[in-house]
Amino acid sequence: MKKVITLSLMALFLASCADKNAGAPASAPATLPVLDIAYQSTTTDTEYPVAIQGKTDVEIRAQVSGTLDKIYVDEGAYVTAGQPLFKINDNPYRQQYNNATASLNAAEAAAINAQLEVEKLLPLVQNKVVSDYQLKTAKANLAIAKATVAQSKAVLATAQINLGYTVIKAPVNGYIGRLPRKQGSLISPADPEALTKLSDIKEVYAYFSLSENDFINFKSQYKGNSVNDKLKGLAPVSLVLSDNTIYAEKGKIDMVDGQFDKTTGAITLRAKFPNDNALLRSGNTGRVKISMQHQNAIVVPQEATIEIQDKIYVFLVDKKNAVTRQPVVVSAKSGTDYLIKEGIATGDRIVLKGFENLPDGATIIPENSKKVVAKI
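Residues numbered from 1 in each chain as written. Predicted model: local features only at pLDDT ≥ 70, side-chain atom pairs only at ≥ 80, totals over all residues. Heavy atoms only, no water.

**Q** What exactly am I supposed to notice about the overall build of the protein here?
**A** Each helix and strand in the protein was counted, giving five helices and 19 strands. A compact globule built from 376 residues should have a C-alpha radius of gyration of about 21 Å, whereas the protein, at 42 Å, is more than 25% larger. In terms of overall dimensions, the protein has a C-alpha envelope of 165 × 50 × 50 Å along the principal axes. Residue burial in the protein is summarised as follows: out of 376 residues, 34% are buried. (Helix = DSSP H or I, 4+ residues; strand = E, 2+ residues; numbered from the N terminus. Rg over C-alpha atoms; globule rule 2.2 N^0.38 Å. Buried < 20%, exposed > 50% of the residue type's maximum accessible area, 1.4 Å probe, protein only.)

Okay, here's the thing in structure tokens:
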């Protein structure tokens, strides 16, 4: 009897709860801000790592062997083209020059004697006093003497060149690098290490690389039938230094490599920057910042997107205000915005924020529906 009463009471309780739940109103749709998608004009800044080199970077090496007698400059000094930098002991080369000079004098004297012999025999042969054979022999000796003179002149020129190489001069204007070899060192053209490096940094070159896709996009932004035509239309670029400061002077992209690197699949570009104050040196690093103008772009704030497993989504709102999670393809960034390549189109609406817990198919109440202000 007690069991029957207990079961009856439980049934009445459950029925009462069911009646209460049936009378409770369904949860109201969330009111969320919605963004109308429209075409815009915007600018994106893309940065690429760069390696900076002087306009001219040359290694200074000895062209003859010998003892380093004098060093005329100090590390870091600015030198001009033709200025002496090093002096190699020239005694052996001066003796070679003197010897070559003496050999040339002897060869010229022998040539004079051979010429006199020909001149002496010529009338004798004409008068049939001596045979023609003797004249032919004299002429052959003259030819040999002239060849010896020419050979001696070449030896003398070589000796003079080697003697000149004992004074090593700056080939261009620029700044001297480190001086690893000291006075008294034995140096040679075969040395693995250069005497120093000389950099002309009045202008510097910043080299950077673009992937194949980036290069295709880069070319599509500018008018022109050839790459050189497109380069002429490029806006100046900025240089971001290693401490994240912006270099004061603007640069200009003036060169695109002739081919892609087979190993990396990238192509090298060069930007030229003025450097009158010598603030940049060869070996500096940084990033070149390239601004690109985009017409008729679809721009979405990053806050209106969510990233799930390396994919980016927006919450698309249909005509009935139902929400669907939609994947999008991002082509570039502009500040805190994404440029969308695929996934949504002009005229669509997306939830701007507050979508974190929205399931697909949920209905919302749009709030402050607006278009993004064009960024020109």
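Picking up after the structure, the text goes on.
**Q** Quick question: what am I supposed to make of helix α3 (residues 132-164) here?
**A** Because an α-helix packs 3.6 residues into every turn, residues spaced three or four apart end up facing the same way. Over its 33 residues, α3 extends 48 Å from the first C-alpha to the last, a length consistent with the 48 Å expected when each residue adds 1.5 Å. Taken as a whole, α3 has its buried residues at Leu 135, Ala 138, Leu 142, Ala 145, Val 149, Ser 152, Leu 156, Ala 159, Asn 162 and Leu 163. (Expected span 1.5 Å × (residues − 1).)

**Q** Got a minute to help me understand the packing of aromatic side chains in this structure?
**A** Any two aromatic rings considered together are summarised by their centre-to-centre distance and by the angle between their planes. All told, the structure shown has six aromatic pairs when counted by the stated rule. Measuring from centroid to centroid gives 6.3 Å for Tyr 247 and Phe 273, while their planes differ by 75°, and the two rings are edge-to-face. Pair noted here: Tyr 247 is in the loop between β10 (238-241) and β11 (252-256) and Phe 273 is in strand β12 (residues 266-274), with a separation of 26 residues, a long-range link. Considered together, Tyr 247 and Phe 273 belong to a single accessibility category, that of buried residues. Relative to Phe 355, the ring of Phe 315 lies with its centre 4.9 Å away and its plane at 25°, an arrangement referred to as stacked. Taken together, the positions of Phe 315 in strand β15 (residues 311-317) and Phe 355 in the loop between β18 (349-351) and β19 (364-371) put the pair 40 residues apart, joining distant regions of the chain. Per residue, the accessibility class of Phe 315 equals that of Phe 355, and both read buried. Above the ring of Tyr 205, the side-chain terminus of Arg 270 is found at 4.1 Å from the ring centroid. In this structure, Arg 281 packs its charged tip against the face of Tyr 175, placed 4.3 Å from the ring centre. (Phe/Tyr/Trp six-rings, centres within 6.5 Å; stacked < 30°, edge-to-face > 60°. Lys NZ or Arg CZ within 6 Å of the ring centre and 35° of its normal.)

**Q** Can you walk me through the environment of Val 149 in this structure?
**A** Looking at the element boundaries, Val 149 is found in helix α3. With a relative accessible area of 11%, Val 149 lands in the buried category. It is 67 Å that separates the C-alpha atoms of Val 149 and Asn 244, two residues lying 95 residues apart in sequence. Every residue in contact with Val 149, bar those within four places of it in the chain, is listed here: Leu 104, Ala 107, Glu 108 and Ala 111. (Contact = heavy atoms within 4.5 Å.)

**Q** Whenever I open this one, the side chain of Ser 185 confuses me. Can you help?
**A** Within the secondary structure layout, Ser 185 lies in the loop between β7 (174-176) and β8 (186-187). What makes Ser 185 buried here is its relative accessible area of 18%. A distance of 2.7 Å separates a polar side-chain atom of Ser 185 from the backbone oxygen of Lys 182. Residues contacting Ser 185, with those up to four places away along its chain left out, are Gly 66, Thr 67 and Leu 68. (Polar contact = N/O pair within 3.5 Å; in protein donor to acceptor, adjacent residues only side chain to side chain.)

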